[in-house]
Amino acid sequence: MGLKSNLNNLKEKYKGTKMAPAFNALHTFLYTPNDTTHNGTHIKAADDLKRTMNTVIMAMIPCLIFGMFNAGYQHNLQVGDVQAVTSGFFSSEFWTLDNFMIGFWKIIPLIIVSYGVGLGIEFIFAIIKKHEVEEGYLVTGMLVPLIVPIDIPLWMLAVAVVFGVIIGKEVFGGTGMNILNPALTIRAFLFFAYPTWMSGDKVWVEGAVQRTKDIAAGANLDAISGETILGSLAQGKEMTHSVADMFLGFIPGSVGETSTLLIILGGLFLIFTKIGSWRIMLSSVLGAIAMGLIFNQIVDAGIIVEGSKFYGLMSTPFWEHLIIGGFAFGTVFMATDPVTASQTNKGKWIYGFLIGFVSILIRVFNPAYPEGVMLAILLMNVFAPTIDHYVIQGNVKKRMKRLKAKVA
Amino acid sequence: MSKDILIKKGLDIKLKGAAEKTSEKAILSNFYTLRPEDFHGLIPKLISKVGSKVNAGDPVFYDKSNESVKFVSPVSGEIIEIDRGEKRKILSIKIQADKTQTYKDNGVMNPEAASADAIKAHLLASGCWAFIKQRPYDVIANPDKSPKAIFISGYASAPLAADLDFTLQGKEAELQAAVTALGKLTEGQVHVSVGKSSNSPLAGLKGITIHKVSGPHPSGNVGTLINKIDPVNKGEVVWTIAAQDLVIIGELLLTGKFNAERIVALVGSSIEKPRYFVAKLGCEVATIIYDKGISQDAHVRIISGNILSGKQIKPDGYLDYYSNVITVIPEGDDYELFGWNKPVFNKISTSRALTFSWLNPKKEYELDTNTNGEHRAFVTTGNYEEVFPLDIYPMQILKSCMYKDLDEMEALGMYEVAPEDFALTEFVCVSKQPHQDIIRKGLDLMLKEIG
């Protein structure tokens, strides 16, 4: 084993130097280290943080691949090169190499920028603060390309990643210490810093922005409309996509968030592997259904009538809320981030429920922010420690009561 | 009031190398060693010097903070070496054993008739007090404080633990004498747990409350028993005694001799023929482990105690004061190519993240000492709770110990726990944090600050 012993020699050489964390990060990527237990338990279970993070990434891969096909499909559909899908999930119009290559060449750079910039910062901080490079960014770096519009300029993404990793995570002490989900911090930064690139009807389909510019410059072309369902509903327009399209994901939207089917598969995988919290996923869905039902009741009771600016989204059947926009993706992959979610099992129920509840609330009442799930999760990230505090106080009070009963 | 206790949260770690139920006399060891570090937090004051002759049961040192607590020699012989470390701290006291053993006569005592004070004085003077531990803090019991109850676990659920039904067999008389004596020292009850389907010699004893426990490890931990029966509140004290040490206490009461003999299991996947030995505490492990055990140059970890909470010792090390197991497993100081993402079939995991131990729960594994990953900050949540049956929030209490918030530690239940209660959470920890060490340091801090 030449490589193994050579790397071991290098590790010994770098030990104690500034470069040790950077070297170890690469080394442990190849080989699980030769660390042994000391006192305490002399044996350890097989899982480590790398395996945990890797499992989450595996759950996202189908969404990523689908996102590549969908990017090309949405583009070609608008340009008129392909027909709309007709025969369900495996429609031949969708799964073409042409579609895939368009998406591939747009999305791979997003991934490279996300990982390159983010991991670069992690390495720098690890060297400065002399700790090992932690694996948290492996998941964040994959989430980021999946939750941005396809046409986002790469420099914007780079700036946002710098902001998100430093302000969202490193200032709190790195992986495990952050309060806000770093991927959502990145998205929120983009959303508020560059709103024209993050919402509206020009950014969700590949080439739409460029086409608009060309038309403005006098080119004789048809405009590409790239509007999300939430965007059009918020403006009171009619729903133009079928439920099947929305569920399967043949709709415009952020790169990886469109296919509810694949997200559910990813979610089931996370639950099965015990990596993702089923409590949060389930309670979040329940919360969204609850809020959706309330709104549907309001419409049924005639309080909000057609013509009101809230009518479009409020009258959307409650279950459709679950399959449009980023709700499913946020619930499965972002709300379940263990560091920023509630950490107690009871707390997870409350936390998840409120995320679902507030997502739909924001979505309906604030047409400027149709993507309510992002803000709902960030908001609940802030409240998660408070929820935990009250859950734990329950346990503390039980102990106090026991003591009092003894004294009395 | 007997109670059946069923534990659902926990984990049975099934390992290769459980001991066959045959016991042999260990080859008599020539040297015996007492190590004050076996008694956590103790500052020893020597009574005997190098060169002095002792009988088995003669005091060798006492506790500086409580002079009545004596520690005695397990054998008769000559003290040949006292090893000191920094600041002249006593590390070990080595005794060369005589060929024929002589015992100090402590006098026979009938626990039925004796008063509580007499029993206490007898146990203190004879060296048996060291077997009585207290919670809070998991240290040797303070004789000035009377416990609200005494807890004894007669069910060993830890991986590869010595089977107490086997090791206590035929010792009913000693056990009865010991629990009768101990029962006089508390106003409360003596709670004893036995396995639900076991045939424990403890079950037939008088003057105790028997609880039948079932479920995965840590159902047999005394901490689990305390938490389910009568948790420790602030200001209260409970005592715990390991079942095998009751035999030594009982024999002392019945015969007047401190007989340090104990049945010890030699276990672990590195052992050729795992089985039981009769050995004395403090004996050299070398006489035990090399006979049909391991080869001289084997690359192994030798543990005095069980695989989750025992102490690492060297091949020329000694059986510690409280252990009835010697575990030997392979060292795991090797790299594994892509060990973090390839499917794992030969290791135990509570997740299913390409780890497949859930496919055959009956399989016995051969685990080594590799940590299977690097130390990280706490990240994942909820997985400790799956293996932690106590009514305490494990991650929160660990964190409170790390940032040393005494009020929070107290509120979250530090008075109730001992490091071994956190052995399973440490085993499953994705971040490879040293849970037992964190709890031990937290307890030490509380002992120092609150007392």
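The structure contained in this document is the topic of the report that follows. (Residues numbered from 1 in each chain as written. Chains lettered and ligands numbered in written order. Predicted model: local features only at pLDDT ≥ 70, side-chain atom pairs only at ≥ 80, totals over all residues. Heavy atoms only, no water.)

### Some words on the overall build of chain A
Each helix and strand in chain A was counted, giving 18 helices and one strand. Taking 2.2 N^0.38 as the reference for a compact globule, 408 residues should give roughly 22 Å; the C-alpha atoms of chain A span a radius of gyration of 23 Å, in line with that estimate. The C-alpha extent of chain A, read off along each of the three principal axes, is 70 × 70 × 40 Å. Scored against the burial criterion, the 408 residues of chain A give a buried share of 56%. Of the roughly 16,900 Å² of accessible surface on chain A, 68% is carried by carbon and sulfur atoms. The centroid of the 30 positive side-chain charges in chain A is displaced by 18 Å from the centroid of its 27 negative side-chain charges. (Helix = DSSP H or I, 4+ residues; strand = E, 2+ residues; numbered from the N terminus. Rg over C-alpha atoms; globule rule 2.2 N^0.38 Å. Buried < 20%, exposed > 50% of the residue type's maximum accessible area, 1.4 Å probe, protein only. Areas by Shrake-Rupley, 256 points an atom, 1.4 Å probe, with all protein chains shown as cover. Lys, Arg positive; Asp, Glu negative; His and termini not counted. Charge placed at Lys NZ, Arg CZ, Asp CG, Glu CD.)

### Some details on the packing of helix α12 (residues 260–272) of chain A against helix α16 (residues 327–334) of chain A
Residue and element names in this part refer to chain A. As a packed pair, α12 and α16 sit with axes 9 Å apart at the nearest point and diverge in direction by 15 degrees. When the interaxial angle is binned, α12 and α16 end up roughly parallel. The interaxial crossing formed by α12 with α16 has left-handed handedness. Touching T260, I263, G266, G267 and L270 of α12 are A328, F329, V332 and F333, all from α16. In the contact of α12 with α16, the residues fall into six nonpolar, three polar and no charged. (Axes fitted to C-alpha atoms, helices over the stretch in contact; angles between N-to-C directions. Parallel < 35°, antiparallel > 145°, perpendicular 65-115°, else oblique. Left-handed = near helix turned anticlockwise from the far one by under 90°. Contact = heavy atoms within 4.5 Å. Nonpolar A, V, L, I, M, F, W, Y, C, P; charged D, E, K, R; others polar.)

### A look at empty space enclosed by the protein
Residues and elements named next belong to chain A. As enumerated under the stated definition, the model contains five cavities of 30 Å³ or more in all. The space that makes up the largest cavity amounts to roughly 300 Å³. Those elements that place two or more of their residues in the lining of the largest cavity are α3 (49–79) and α5 (136–146). The biggest single contributor to the lining of the largest cavity is α5, with four residues. Its residues assigned to classes, the lining of the largest cavity comprises 11 nonpolar, 10 polar and two charged. Both of domain 1 (48–274) and domain 2 (277–401) provide at least three residues apiece to the lining of the largest cavity. By volume, the second largest cavity amounts to about 100 Å³. (1 Å grid on protein atoms, 1.4 Å probe; cavity = no way out; pocket = protein on both sides within 12 Å on 5 of 7 lines; lining within 4 Å. Points joined across faces, edges and corners; volume = space filled by probe spheres on them. Domains from an automatic or database assignment.)

### Regarding the interface of chain A and chain B
The interface is formed by 60 residues belonging to chain A together with 79 residues belonging to chain B. Roughly 6,200 Å² is buried in total at the junction of chain A and chain B, and carbon and sulfur atoms are behind 55% of that figure. Measuring nitrogen to oxygen at the nearest pair gives 3.8 Å for the salt bridge that ties E386 of chain B to K274 of chain A. Linking chain A to chain B there are 35 residue pairs in polar contact (both at pLDDT 80 or more). When contributions to the side of chain A that touches chain B are tallied by element, the ones reaching two or more residues are α1 (2–14), α2 (20–30), β1 (31–32), α3, α17 (345–365) and α18 (372–407) of chain A. Of the residues forming the side of chain A that touches chain B, the biggest block, nine residues, is contributed by α18 of chain A. Here two bridges tie β1 of chain A to strand β21 (residues 336–337) of chain B, and the two strands are oriented antiparallel to one another. Of the residues in β21 of chain B, the one forming a bridge with T32 of chain A is E336 of chain B. (Buried area = accessible area lost by both parts, 1.4 Å probe. Salt bridge = Lys/Arg side-chain N within 4 Å of Asp/Glu carboxyl O. Polar contact = N/O pair within 3.5 Å; in protein donor to acceptor, adjacent residues only side chain to side chain. Pairing = 2+ DSSP bridges.)

### Focus on the packing of helix α4 (residues 97–129) of chain A against α5 of chain A
Residue and element names in this part refer to chain A. One way to put it is that α4 packs onto α5 with a least axis distance of 8 Å and a crossing angle of 150 degrees. On the basis of the axis angle, α4 is roughly antiparallel to α5. Where α4 crosses over α5, the handedness of that crossing is right-handed. Here L110, I111, S114, Y115, G118, L119 and E122 of α4 lie close against α5, whose contacting residues are Y137, L138, G141, M142, V144 and P145. Its residues assigned to classes, the contact of α4 with α5 shows nine nonpolar, three polar and one charged.

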